[in-house]
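Overview (structure and organization)
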Amino acid sequence: MKKLKFILVGIALLAATIKTDAQDNFFAITYNTALTTGETHDFISKYSWGAMGLEWKKMLNDEVSVGINIAWQIMSQKVENDVIEIPDLNLTLAGTQVRYLNYFPMTVTGTYHINPEGKVIPFIGAGAGLYRVLQRFDISGFAFDQNTWNFGFYPEAGVIFPTGGSADFFVNTKYHYILPSNSGPTHSFLNINVGFSYFF
Amino acid sequence: MKLLKWISFSMVLGLVVSCYPEKDRTINDYDIIGTRYADDVVFKDNYQTFYLYDSVIIVYDSSKTKPDYPLNEANAILSTMRTNLLNYGWTELTRNQILAGDTPDVYIESSTWNSTVSGAIYYPGYGYPGYGYPGYGYGYPWYGGGVSYYSYTTGTIVMTMQDIKNHDFNDDPAKVIWNGALNGILNSSSNTISRIEYSINQAFNQSQYLNLTK
(Lines give C-alpha, C1' and ligand atoms only; values in the text may rest on other atoms or scores of the structure.)
Protein backbone atom coordinates (compact mmCIF):
# COMPACT_ATOMS: atom_id res chain seq x y z
CA MET A 1 0.00 0.00 0.00
CA LYS A 2 2.85 2.30 0.90
CA LYS A 3 4.47 1.50 -2.44
CA LEU A 4 1.25 2.32 -4.26
CA LYS A 5 1.08 5.69 -2.50
CA PHE A 6 4.63 6.40 -3.59
CA ILE A 7 3.75 5.60 -7.17
CA LEU A 8 0.61 7.75 -7.09
CA VAL A 9 2.48 10.67 -5.59
CA GLY A 10 5.19 10.21 -8.18
CA ILE A 11 2.67 10.23 -11.02
CA ALA A 12 0.97 13.32 -9.58
CA LEU A 13 4.28 15.15 -9.34
CA LEU A 14 5.19 14.14 -12.87
CA ALA A 15 1.82 15.34 -14.15
CA ALA A 16 2.26 18.63 -12.32
CA THR A 17 5.68 19.04 -13.86
CA ILE A 18 4.36 18.38 -17.33
CA LYS A 19 1.55 20.88 -16.84
CA THR A 20 3.66 23.67 -15.40
CA ASP A 21 6.65 23.25 -17.71
CA ALA A 22 4.96 23.84 -21.05
CA GLN A 23 7.18 23.29 -24.13
CA ASP A 24 9.60 21.32 -22.00
CA ASN A 25 8.35 18.00 -23.23
CA PHE A 26 8.90 16.34 -26.53
CA PHE A 27 6.79 13.58 -28.03
CA ALA A 28 7.30 11.68 -31.27
CA ILE A 29 5.51 8.89 -33.06
CA THR A 30 7.44 7.18 -35.81
CA TYR A 31 6.96 4.65 -38.53
CA ASN A 32 9.96 2.37 -38.20
CA THR A 33 11.77 0.41 -40.87
CA ALA A 34 14.87 -1.69 -40.38
CA LEU A 35 17.80 -3.28 -42.14
CA THR A 36 19.14 -6.35 -40.37
CA THR A 37 22.85 -6.87 -39.85
CA GLY A 38 25.15 -9.58 -38.53
CA GLU A 39 23.58 -12.76 -37.20
CA THR A 40 20.14 -11.20 -37.50
CA HIS A 41 20.78 -10.73 -41.21
CA ASP A 42 21.74 -14.41 -41.46
CA PHE A 43 18.32 -15.29 -40.09
CA ILE A 44 16.27 -12.65 -41.93
CA SER A 45 17.80 -10.65 -44.76
CA LYS A 46 14.55 -9.09 -45.94
CA TYR A 47 14.07 -5.40 -45.20
CA SER A 48 11.55 -4.75 -42.44
CA TRP A 49 8.77 -2.29 -43.21
CA GLY A 50 7.14 -2.35 -39.78
CA ALA A 51 6.37 -1.19 -37.27
CA MET A 52 6.40 1.87 -34.96
CA GLY A 53 7.94 3.77 -32.10
CA LEU A 54 6.82 6.17 -29.40
CA GLU A 55 9.22 8.57 -27.77
CA TRP A 56 8.85 10.98 -24.90
CA LYS A 57 11.63 13.28 -23.74
CA LYS A 58 12.00 15.79 -20.96
CA MET A 59 13.98 18.82 -22.09
CA LEU A 60 16.55 19.62 -19.43
CA ASN A 61 17.55 22.73 -21.36
CA ASP A 62 17.44 23.85 -24.99
CA GLU A 63 19.96 21.25 -26.09
CA VAL A 64 19.71 18.27 -23.79
CA SER A 65 16.85 15.93 -23.08
CA VAL A 66 16.32 12.60 -21.37
CA GLY A 67 13.41 10.33 -21.97
CA ILE A 68 12.02 6.93 -22.73
CA ASN A 69 11.38 5.11 -25.94
CA ILE A 70 9.25 2.09 -26.71
CA ALA A 71 9.06 0.53 -30.12
CA TRP A 72 8.03 -2.53 -32.03
CA GLN A 73 9.95 -3.93 -34.97
CA ILE A 74 8.58 -6.84 -36.97
CA MET A 75 10.71 -8.88 -39.32
CA SER A 76 9.77 -11.90 -41.32
CA GLN A 77 10.95 -13.85 -44.30
CA LYS A 78 9.68 -16.82 -46.20
CA VAL A 79 12.31 -19.18 -47.58
CA GLU A 80 10.89 -21.78 -49.91
CA ASN A 81 12.19 -25.33 -50.03
CA ASP A 82 15.23 -24.82 -47.90
CA VAL A 83 17.22 -27.52 -46.16
CA ILE A 84 18.51 -27.63 -42.61
CA GLU A 85 20.93 -30.17 -41.20
CA ILE A 86 20.90 -31.41 -37.63
CA PRO A 87 24.19 -33.31 -37.47
CA ASP A 88 23.75 -34.61 -33.93
CA LEU A 89 20.71 -36.57 -35.07
CA ASN A 90 21.97 -37.44 -38.58
CA LEU A 91 18.83 -35.62 -39.62
CA THR A 92 18.07 -33.43 -42.61
CA LEU A 93 14.82 -31.52 -43.00
CA ALA A 94 13.55 -29.80 -46.11
CA GLY A 95 10.55 -27.57 -46.40
CA THR A 96 9.34 -24.03 -46.62
CA GLN A 97 10.59 -21.94 -43.75
CA VAL A 98 8.98 -18.84 -42.37
CA ARG A 99 11.17 -16.92 -40.00
CA TYR A 100 9.99 -14.22 -37.64
CA LEU A 101 11.56 -11.73 -35.31
CA ASN A 102 9.71 -9.29 -33.13
CA TYR A 103 11.63 -6.72 -31.13
CA PHE A 104 10.17 -4.60 -28.37
CA PRO A 105 12.85 -2.14 -27.21
CA MET A 106 12.11 -0.34 -23.96
CA THR A 107 14.91 2.10 -23.43
CA VAL A 108 15.92 5.21 -21.60
CA THR A 109 17.39 7.83 -23.86
CA GLY A 110 19.60 10.86 -23.82
CA THR A 111 19.65 13.38 -26.66
CA TYR A 112 21.68 16.41 -27.59
CA HIS A 113 19.97 18.85 -29.97
CA ILE A 114 22.33 20.80 -32.20
CA ASN A 115 21.21 24.28 -33.13
CA PRO A 116 17.81 24.02 -31.38
CA GLU A 117 16.60 27.36 -32.75
CA GLY A 118 17.51 26.58 -36.36
CA LYS A 119 15.31 25.84 -39.37
CA VAL A 120 16.30 22.22 -38.99
CA ILE A 121 17.32 20.69 -35.69
CA PRO A 122 19.83 17.88 -35.96
CA PHE A 123 20.30 15.75 -32.90
CA ILE A 124 22.41 12.87 -31.68
CA GLY A 125 21.69 10.55 -28.84
CA ALA A 126 21.79 7.11 -27.39
CA GLY A 127 19.48 4.69 -25.68
CA ALA A 128 19.86 1.59 -23.57
CA GLY A 129 17.50 -0.79 -21.88
CA LEU A 130 15.55 -3.97 -22.11
CA TYR A 131 14.55 -5.66 -25.33
CA ARG A 132 11.89 -8.30 -25.55
CA VAL A 133 12.91 -10.54 -28.44
CA LEU A 134 10.46 -13.06 -29.90
CA GLN A 135 12.05 -15.35 -32.44
CA ARG A 136 10.20 -18.03 -34.35
CA PHE A 137 11.48 -20.56 -36.83
CA ASP A 138 8.70 -22.33 -38.69
CA ILE A 139 9.35 -25.13 -41.12
CA SER A 140 6.30 -26.47 -42.92
CA GLY A 141 4.03 -25.47 -40.06
CA PHE A 142 6.23 -26.88 -37.29
CA ALA A 143 7.25 -23.89 -35.20
CA PHE A 144 10.11 -23.45 -32.78
CA ASP A 145 10.16 -20.40 -30.53
CA GLN A 146 12.91 -18.67 -28.64
CA ASN A 147 11.59 -15.77 -26.60
CA THR A 148 14.06 -13.85 -24.48
CA TRP A 149 14.65 -10.68 -22.52
CA ASN A 150 17.88 -9.05 -23.61
CA PHE A 151 19.88 -5.98 -22.81
CA GLY A 152 20.63 -3.69 -25.70
CA PHE A 153 21.65 -0.22 -26.64
CA TYR A 154 21.86 2.06 -29.64
CA PRO A 155 23.42 5.26 -30.89
CA GLU A 156 21.00 7.56 -32.64
CA ALA A 157 21.07 10.48 -35.04
CA GLY A 158 18.21 12.42 -36.54
CA VAL A 159 16.74 15.68 -37.66
CA ILE A 160 13.64 17.58 -36.65
CA PHE A 161 12.08 19.74 -39.35
CA PRO A 162 10.01 22.43 -37.67
CA THR A 163 6.89 23.24 -39.66
CA GLY A 164 5.69 26.24 -37.71
CA GLY A 165 2.56 24.31 -36.79
CA SER A 166 1.91 22.15 -33.79
CA ALA A 167 3.62 19.08 -35.25
CA ASP A 168 7.07 18.85 -36.79
CA PHE A 169 8.51 16.31 -39.19
CA PHE A 170 10.97 13.95 -37.63
CA VAL A 171 13.47 11.45 -39.04
CA ASN A 172 16.02 9.42 -37.18
CA THR A 173 18.21 6.38 -37.44
CA LYS A 174 19.32 4.01 -34.70
CA TYR A 175 21.71 1.12 -34.71
CA HIS A 176 20.41 -1.43 -32.24
CA TYR A 177 22.90 -3.84 -30.73
CA ILE A 178 21.25 -6.46 -28.54
CA LEU A 179 23.38 -8.68 -26.38
CA PRO A 180 22.81 -12.46 -26.35
CA SER A 181 20.55 -14.07 -23.80
CA ASN A 182 20.13 -17.75 -22.93
CA SER A 183 22.91 -18.72 -25.35
CA GLY A 184 20.96 -17.11 -28.16
CA PRO A 185 22.45 -15.00 -30.91
CA THR A 186 23.50 -11.37 -30.86
CA HIS A 187 20.86 -9.28 -32.58
CA SER A 188 21.49 -6.12 -34.51
CA PHE A 189 19.62 -3.94 -36.94
CA LEU A 190 19.62 -0.43 -38.31
CA ASN A 191 16.41 1.54 -37.88
CA ILE A 192 15.40 4.25 -40.32
CA ASN A 193 12.33 5.98 -38.99
CA VAL A 194 10.07 8.81 -40.07
CA GLY A 195 7.32 10.46 -38.12
CA PHE A 196 5.98 13.45 -36.36
CA SER A 197 7.03 15.18 -33.24
CA TYR A 198 5.90 18.06 -31.18
CA PHE A 199 6.89 20.04 -28.15
CA PHE A 200 4.34 20.66 -25.46
CA MET B 1 -3.49 18.41 -34.85
CA LYS B 2 -6.32 16.75 -36.76
CA LEU B 3 -3.84 15.88 -39.51
CA LEU B 4 -1.50 14.38 -36.95
CA LYS B 5 -4.30 12.20 -35.60
CA TRP B 6 -5.16 10.95 -39.07
CA ILE B 7 -1.55 10.22 -39.86
CA SER B 8 -1.12 8.44 -36.54
CA PHE B 9 -4.22 6.38 -37.24
CA SER B 10 -2.90 5.47 -40.71
CA MET B 11 0.40 4.40 -39.21
CA VAL B 12 -1.31 2.17 -36.67
CA LEU B 13 -3.46 0.70 -39.43
CA GLY B 14 -0.33 0.05 -41.46
CA LEU B 15 1.18 -1.62 -38.45
CA VAL B 16 -1.76 -3.99 -38.06
CA VAL B 17 -1.66 -4.92 -41.74
CA SER B 18 2.06 -5.57 -41.61
CA CYS B 19 1.66 -7.92 -38.62
CA TYR B 20 1.02 -10.77 -41.04
CA PRO B 21 3.57 -10.20 -43.76
CA GLU B 22 3.94 -13.85 -44.72
CA LYS B 23 0.42 -15.08 -44.09
CA ASP B 24 -0.16 -16.48 -47.55
CA ARG B 25 1.11 -19.98 -47.83
CA THR B 26 0.27 -22.62 -50.35
CA ILE B 27 -0.53 -26.21 -49.51
CA ASN B 28 2.93 -27.14 -50.80
CA ASP B 29 4.50 -24.86 -48.21
CA TYR B 30 3.40 -27.34 -45.54
CA ASP B 31 5.21 -30.26 -47.17
CA ILE B 32 8.14 -31.42 -45.11
CA ILE B 33 10.77 -33.97 -46.01
CA GLY B 34 12.95 -35.51 -43.34
CA THR B 35 15.74 -38.02 -43.80
CA ARG B 36 17.90 -39.75 -41.25
CA TYR B 37 20.63 -42.35 -41.35
CA ALA B 38 21.89 -44.66 -38.64
CA ASP B 39 25.06 -43.97 -36.73
CA ASP B 40 28.29 -45.49 -38.04
CA VAL B 41 26.82 -46.51 -41.37
CA VAL B 42 28.84 -45.99 -44.53
CA PHE B 43 26.85 -46.86 -47.61
CA LYS B 44 29.43 -46.63 -50.34
CA ASP B 45 31.56 -49.78 -50.76
CA ASN B 46 29.47 -51.60 -48.15
CA TYR B 47 26.18 -51.97 -49.97
CA GLN B 48 25.31 -52.54 -53.59
CA THR B 49 22.04 -54.37 -54.11
CA PHE B 50 18.52 -53.63 -52.98
CA TYR B 51 15.13 -55.27 -53.00
CA LEU B 52 12.19 -52.87 -53.20
CA TYR B 53 8.97 -54.28 -51.77
CA ASP B 54 6.51 -54.07 -54.63
CA SER B 55 3.58 -52.61 -52.68
CA VAL B 56 3.00 -49.58 -50.53
CA ILE B 57 2.00 -50.63 -47.02
CA ILE B 58 -1.12 -48.85 -45.81
CA VAL B 59 -1.17 -48.18 -42.10
CA TYR B 60 -4.69 -47.80 -40.69
CA ASP B 61 -6.85 -48.34 -37.67
CA SER B 62 -7.67 -52.05 -37.86
CA SER B 63 -11.03 -51.48 -36.19
CA LYS B 64 -12.08 -49.55 -39.28
CA THR B 65 -12.38 -50.39 -42.93
CA LYS B 66 -9.11 -50.47 -44.79
CA PRO B 67 -8.87 -47.28 -46.81
CA ASP B 68 -8.33 -47.34 -50.53
CA TYR B 69 -5.08 -45.96 -51.74
CA PRO B 70 -4.93 -44.63 -55.30
CA LEU B 71 -2.95 -47.00 -57.47
CA ASN B 72 -1.37 -44.19 -59.47
CA GLU B 73 0.01 -42.66 -56.28
CA ALA B 74 1.39 -46.00 -55.11
CA ASN B 75 3.03 -46.49 -58.50
CA ALA B 76 4.49 -42.99 -58.31
CA ILE B 77 6.00 -43.75 -54.90
CA LEU B 78 7.58 -47.02 -56.00
CA SER B 79 8.81 -45.87 -59.38
CA THR B 80 10.34 -42.67 -57.99
CA MET B 81 12.14 -44.60 -55.25
CA ARG B 82 13.41 -47.13 -57.78
CA THR B 83 14.61 -44.45 -60.20
CA ASN B 84 16.53 -42.63 -57.50
CA LEU B 85 18.23 -45.77 -56.22
CA LEU B 86 19.23 -46.83 -59.73
CA ASN B 87 20.54 -43.32 -60.45
CA TYR B 88 22.64 -43.60 -57.31
CA GLY B 89 24.32 -46.73 -58.63
CA TRP B 90 22.39 -49.35 -56.70
CA THR B 91 21.50 -52.66 -58.33
CA GLU B 92 17.98 -53.99 -57.98
CA LEU B 93 17.26 -57.62 -57.26
CA THR B 94 13.91 -58.85 -58.49
CA ARG B 95 11.50 -61.07 -56.62
CA ASN B 96 12.51 -64.04 -58.80
CA GLN B 97 16.18 -63.49 -58.00
CA ILE B 98 15.32 -63.44 -54.30
CA LEU B 99 13.31 -66.65 -54.66
CA ALA B 100 16.24 -68.18 -56.52
CA GLY B 101 18.44 -67.58 -53.50
CA ASP B 102 20.03 -64.19 -53.98
CA THR B 103 20.14 -61.99 -50.92
CA PRO B 104 19.98 -58.22 -51.29
CA ASP B 105 22.23 -55.96 -49.25
CA VAL B 106 19.27 -53.83 -48.22
CA TYR B 107 15.53 -54.17 -48.15
CA ILE B 108 13.42 -51.10 -48.83
CA GLU B 109 9.75 -50.62 -48.23
CA SER B 110 7.33 -47.73 -48.21
CA SER B 111 4.33 -47.16 -46.01
CA THR B 112 1.68 -44.50 -45.83
CA TRP B 113 -1.10 -43.23 -43.61
CA ASN B 114 -3.40 -40.27 -43.21
CA SER B 115 -4.16 -38.30 -40.07
CA THR B 116 -6.93 -35.82 -39.53
CA VAL B 117 -6.25 -32.97 -37.18
CA SER B 118 -9.02 -30.74 -35.95
CA GLY B 119 -9.53 -28.32 -33.14
CA ALA B 120 -10.05 -24.75 -32.19
CA ILE B 121 -7.67 -21.90 -31.55
CA TYR B 122 -8.59 -19.11 -29.22
CA TYR B 123 -6.90 -15.87 -30.04
CA PRO B 124 -6.93 -12.68 -28.04
CA GLY B 125 -7.50 -9.32 -29.62
CA TYR B 126 -4.71 -8.04 -31.80
CA GLY B 127 -3.29 -11.49 -32.27
CA TYR B 128 0.33 -12.30 -32.16
CA PRO B 129 2.08 -11.35 -35.38
CA GLY B 130 3.05 -13.88 -37.93
CA TYR B 131 1.65 -17.07 -36.46
CA GLY B 132 0.09 -19.07 -39.24
CA TYR B 133 -1.20 -22.55 -38.69
CA PRO B 134 -2.47 -24.82 -41.40
CA GLY B 135 -6.20 -24.59 -41.77
CA TYR B 136 -6.28 -21.47 -39.66
CA GLY B 137 -9.30 -20.30 -41.60
CA TYR B 138 -9.90 -17.29 -43.70
CA GLY B 139 -10.27 -14.75 -40.94
CA TYR B 140 -7.30 -13.23 -39.28
CA PRO B 141 -7.35 -12.39 -35.64
CA TRP B 142 -7.80 -8.68 -35.95
CA TYR B 143 -9.78 -6.66 -33.52
CA GLY B 144 -11.27 -8.26 -30.53
CA GLY B 145 -10.27 -11.89 -30.72
CA GLY B 146 -12.40 -14.99 -30.99
CA VAL B 147 -12.13 -18.63 -31.93
CA SER B 148 -11.03 -20.21 -35.19
CA TYR B 149 -11.95 -23.79 -35.97
CA TYR B 150 -9.75 -25.86 -38.20
CA SER B 151 -9.57 -29.31 -39.63
CA TYR B 152 -7.13 -30.74 -42.07
CA THR B 153 -5.80 -34.11 -43.11
CA THR B 154 -2.17 -34.86 -43.56
CA GLY B 155 -0.66 -37.67 -45.53
CA THR B 156 2.59 -39.30 -44.56
CA ILE B 157 4.87 -41.55 -46.57
CA VAL B 158 7.77 -43.28 -44.90
CA MET B 159 10.57 -45.03 -46.75
CA THR B 160 12.58 -47.48 -44.71
CA MET B 161 15.87 -49.09 -45.66
CA GLN B 162 17.01 -52.11 -43.62
CA ASP B 163 20.40 -53.78 -43.53
CA ILE B 164 20.06 -57.37 -44.74
CA LYS B 165 23.73 -57.87 -45.54
CA ASN B 166 24.77 -57.73 -41.89
CA HIS B 167 21.63 -59.28 -40.47
CA ASP B 168 22.10 -62.56 -38.62
CA PHE B 169 18.54 -63.73 -39.35
CA ASN B 170 17.60 -64.29 -35.74
CA ASP B 171 14.24 -63.08 -34.47
CA ASP B 172 15.34 -59.46 -34.28
CA PRO B 173 14.25 -57.20 -37.11
CA ALA B 174 16.95 -56.04 -39.46
CA LYS B 175 18.57 -52.77 -38.52
CA VAL B 176 17.06 -49.69 -40.10
CA ILE B 177 19.89 -47.75 -41.69
CA TRP B 178 17.95 -45.04 -43.50
CA ASN B 179 14.55 -43.41 -43.27
CA GLY B 180 12.87 -40.89 -45.43
CA ALA B 181 9.62 -39.36 -44.21
CA LEU B 182 7.37 -37.08 -46.20
CA ASN B 183 4.42 -35.26 -44.72
CA GLY B 184 1.97 -32.81 -46.22
CA ILE B 185 -1.57 -31.58 -46.13
CA LEU B 186 -3.89 -33.50 -48.41
CA ASN B 187 -6.17 -31.68 -50.77
CA SER B 188 -8.22 -32.54 -53.78
CA SER B 189 -5.98 -30.89 -56.32
CA SER B 190 -4.48 -32.80 -59.18
CA ASN B 191 -0.87 -32.14 -58.22
CA THR B 192 -0.58 -34.92 -55.62
CA ILE B 193 1.55 -37.08 -57.90
CA SER B 194 3.98 -34.25 -58.62
CA ARG B 195 4.21 -33.44 -54.89
CA ILE B 196 4.99 -37.09 -54.15
CA GLU B 197 7.62 -37.23 -56.87
CA TYR B 198 9.17 -33.94 -55.81
CA SER B 199 9.30 -34.99 -52.15
CA ILE B 200 10.84 -38.39 -52.81
CA ASN B 201 13.39 -36.85 -55.17
CA GLN B 202 14.21 -34.28 -52.50
CA ALA B 203 14.61 -37.02 -49.88
CA PHE B 204 17.27 -38.66 -52.05
CA ASN B 205 18.84 -35.34 -53.03
CA GLN B 206 19.43 -34.50 -49.40
CA SER B 207 20.80 -38.02 -48.76
CA GLN B 208 23.88 -37.85 -50.92
CA TYR B 209 25.58 -40.44 -48.71
CA LEU B 210 23.31 -42.99 -50.46
CA ASN B 211 24.96 -42.17 -53.77
CA LEU B 212 27.31 -45.08 -54.54
CA THR B 213 28.68 -43.46 -57.68
CA LYS B 214 30.47 -40.62 -55.88
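So, here is what we can say about the structure in this document. Per chain, residue numbering runs from 1 following the sequence as it is written. As they are written, the chains are lettered A onward and the ligands numbered 1 onward, keeping that order. Confidence filtering applies because this is a predicted model: local features only for residues at pLDDT of at least 70, side-chain atom pairs given and counted only at 80 or more, and all residues used for totals across whole chains, interfaces and linings.

The next point concerns the overall build of chain B. Each helix is a run of DSSP H or I of at least 4 residues and each strand a run of E of at least 2, with the numbering of both proceeding from the N terminus. If you tally the helices and strands in chain B, you get four helices and six strands. Secondary structure elements of chain B occur, N-terminal to C-terminal, as α-β-β-α-β-α-β-β-β-α. Taking all 214 residues of chain B together, 24% fall into the buried category. The long-range share in chain B, meaning contacts at least 24 apart out of those at least 6 apart in sequence, stands at 76%. Buried residues are those with 20 or more other C-beta atoms within 10 Å of their own C-beta, exposed residues have 12 or fewer, and partly exposed residues lie in between; C-beta atoms are placed from the backbone. Remark: residues whose backbone-derived C-beta atoms lie within 7 Å of one another are considered to be in contact.

Take the overall build of chain A next. The secondary structure content of chain A amounts to two helices and eight strands. Tracing chain A from N to C terminus, the helices and strands come up as α-β-α-β-β-β-β-β-β-β. Taken over 200 residues, chain A has a buried fraction of 35%. In chain A, 59% of the contacts between residues at least 6 apart in sequence involve partners at least 24 apart.

It is worth spelling out the pairing of strand S1 (residues 32-37) of chain B at this point. All names here are of chain B. Counting buried residues in S1 gives five out of six residues, a clear majority hidden from the surface. Note on pairing: two strands pair once DSSP finds at least 2 bridges between them. In this structure, S1 lies alongside strand S6 (residues 175-185), joined through six bridges in antiparallel fashion. The residue of S6 that forms the bridge with Arg36 is Asn179.

Residues and elements named next belong to chain A. Pairing geometry for strand S1 (residues 25-36) and strand S2 (residues 50-59), over seven bridges, is antiparallel. Looking at S2, one finds that Phe27 is bridged to Trp56. Hairpin connection from S2 to strand S3 (residues 64-86): four residues lie between these consecutive antiparallel strands.

Looking now at the nonpolar core. Phe50(B), Met81(B), Val106(B), Ile108(B), Ile200(B) and Ala203(B) are the most contacted members of the largest nonpolar core, which totals 29 residues. Element by element, the count of residues in this core is highest for helix H4 (residues 192-205) of chain B, at four residues. Each residue touching Ala203(B), except ones within four places of it in the same chain, is listed here: Ile33(B), Thr35(B), Met159(B), Gly180(B) and Leu182(B). Listed in part, the 24 residues of the second largest apolar core include Ala71(A), Tyr100(A), Leu101(A) and Phe189(A). By our criterion, buried Ala, Val, Leu, Ile, Met, Phe, Trp, Tyr and Cys residues that link up through C-beta atoms within 7 Å make up a nonpolar core.

Next up on the list: helix H2 (residues 71-87) of chain B. All names here are of chain B. Helices are assigned an expected span. That span is 1.5 Å times one less than the residue count. Across its 17 residues, H2 extends 24 Å between first and last C-alpha, which sits within 8% of the 24 Å expected from 1.5 Å per residue. Every buried residue belonging to H2 is among Ile77, Thr80, Met81, Asn84 and Leu85, and all of these are buried. Taken down its axis, H2 places every buried residue within 130° of arc, on the same side. Facing away from the buried side of H2 by more than 90 degrees, the exposed set consists of Leu71, Asn72, Asn75, Leu86 and Asn87. The arc in question is traced by the directions running from the helix axis to the C-beta atoms.

Before going further, it helps to examine the environment of Pro67(B). Residues and elements named next belong to chain B. As for its placement among the helices and strands, Pro67 is situated in the loop between strand S2 (49-58) and H2. Spatially, the C-alpha atom of Pro67 lies 27 Å from that of Ala120, the residues being 53 residues apart in sequence. Not counting residues up to four positions away in its chain, the partners in contact with Pro67 are Ile58 and Tyr60.

Residue and element names in this part refer to chain A. Omega for the bond connecting Gly50 with Ala51 falls within 30 degrees of zero, at 25°, which places this linkage in the cis form. Unlike most non-glycine residues, Asn115 shows phi in positive territory, near 55°. Of the residues examined, Asn115 has 12 C-beta atoms within 10 Å and is grouped as exposed. The residue Asn182 is not glycine, and still its phi comes out positive at about 55°. Taking the number of C-beta atoms within 10 Å as the measure of exposure, Asn182 has 9 and is therefore exposed.

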